[in-house]
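Take a look at the letters that make up each chain.
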Amino acid sequence: MNKNGIIYTVIFTFLIAFFFVFFLALANDATVQMVEENNILSIQKSVLRSIGMLPEEDSLVSEVYNSEFDTLPEPGDVIETSIDGEDVVIRYFSGSGLWGTITGVLALDAGLERIVGLDIISHNETPGLGGRIDEDWFKNQFAGEKIGDSGITVVKGTGGADDDPGNSSVDGVTGASLTSKSMETIVNREIASQRTEGGIK
């Protein structure tokens, strides 16, 4: 067969494409269950972290989660639990960030007076800038924060974390004002929605 002919080129291209697609399909099929299990674990960890119940060992996450909750939430879902006798509502949120969707969970007390905790499940924000919303120093500011009449305010980042849980505000990420504002909008939207729905059902 003439290696410079069109038939050879077409056959050769087809075989190479088939080879790579075949092995990519095999790799995808082999890892799809693992990816799904990791997604489930990520959601379970975020829910537990938001209410201060995340175990140190990953092997215990599903056991602890299943002892508290019957279902795995999806964006928009609301689940409830009780911590030390206090009712808590947990909202699985999804909202727009600067570069894409931010998903996470926001835990609120039954009276909607304070935020119990917040955790980020996934985002597409800029690493080292907006991506820092996933760092503990940022998320920990929300735990115990008083909810004001208008919700909470994410103020312009000053390079530290706000340590006053009574001022209804947290420090934003320095150099990422748009991502910080997005977080303020998302959190306040979830608080407003829960107020409309009447707290614990």
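Overview of the structure.

Each value, and the rule that gives it
Residues numbered from 1 in each chain as written. Predicted model: local features only at pLDDT ≥ 70, side-chain atom pairs only at ≥ 80, totals over all residues. Heavy atoms only, no water. Pairing = 2+ DSSP bridges. Helix = DSSP H or I, 4+ residues; strand = E, 2+ residues; numbered from the N terminus. Axes fitted to C-alpha atoms, helices over the stretch in contact; angles between N-to-C directions. Contact = heavy atoms within 4.5 Å. Core = buried A, V, L, I, M, F, W, Y, C linked by side-chain atoms within 4.5 Å. Buried < 20%, exposed > 50% of the residue type's maximum accessible area, 1.4 Å probe, protein only.

1. A short note on the sheet that holds strand β2 (residues 86–96)
Inference 1: Spatial ordering of the open sheet is given by β1-β2-β3-β4, a layout of four strands whose pairing is antiparallel. With partners counted over all chains shown, the strands left at the sheet margins are β1 (78–83) and β4 (115–122), one partner each. Between one strand and the next, the sheet's axes are offset by a mean angle of 25 degrees, whatever the strand orientation.
Inference 2: Pairing of strand β3 (residues 101–109) with β4, which is carried by six bridges, proceeds in the antiparallel orientation. Residue pairing in the sheet places L108 in a bridge with I115 of β4.
Inference 3: Helix α4 (residues 177–197) rests against β1, β2, β3 and β4 of the sheet, and its axis sits at about 130 degrees to β2.

2. Details of the nonpolar core
The nonpolar side chains of a soluble globular protein tend to be buried with one another.
Inference 1: Within the largest apolar cluster, 22 residues are counted, with the highest numbers of intra-cluster contacts made by L106, L108, I115, L118, F142, M183 and V187.
Inference 2: For this core, the elements supplying multiple residues, two or more each, are β2, β3, β4 and α4.
Inference 3: Here the element with the most residues in this core is α4; it accounts for four residues.
Inference 4: Residue contacts for L118: discarding those within four places in its chain leaves S50, F93, V105, L106, K139, F142, M183 and V187.
Inference 5: Judged by nonpolar contacts, the second largest core, of 15 residues, contains I43, L48, V88 and V105.

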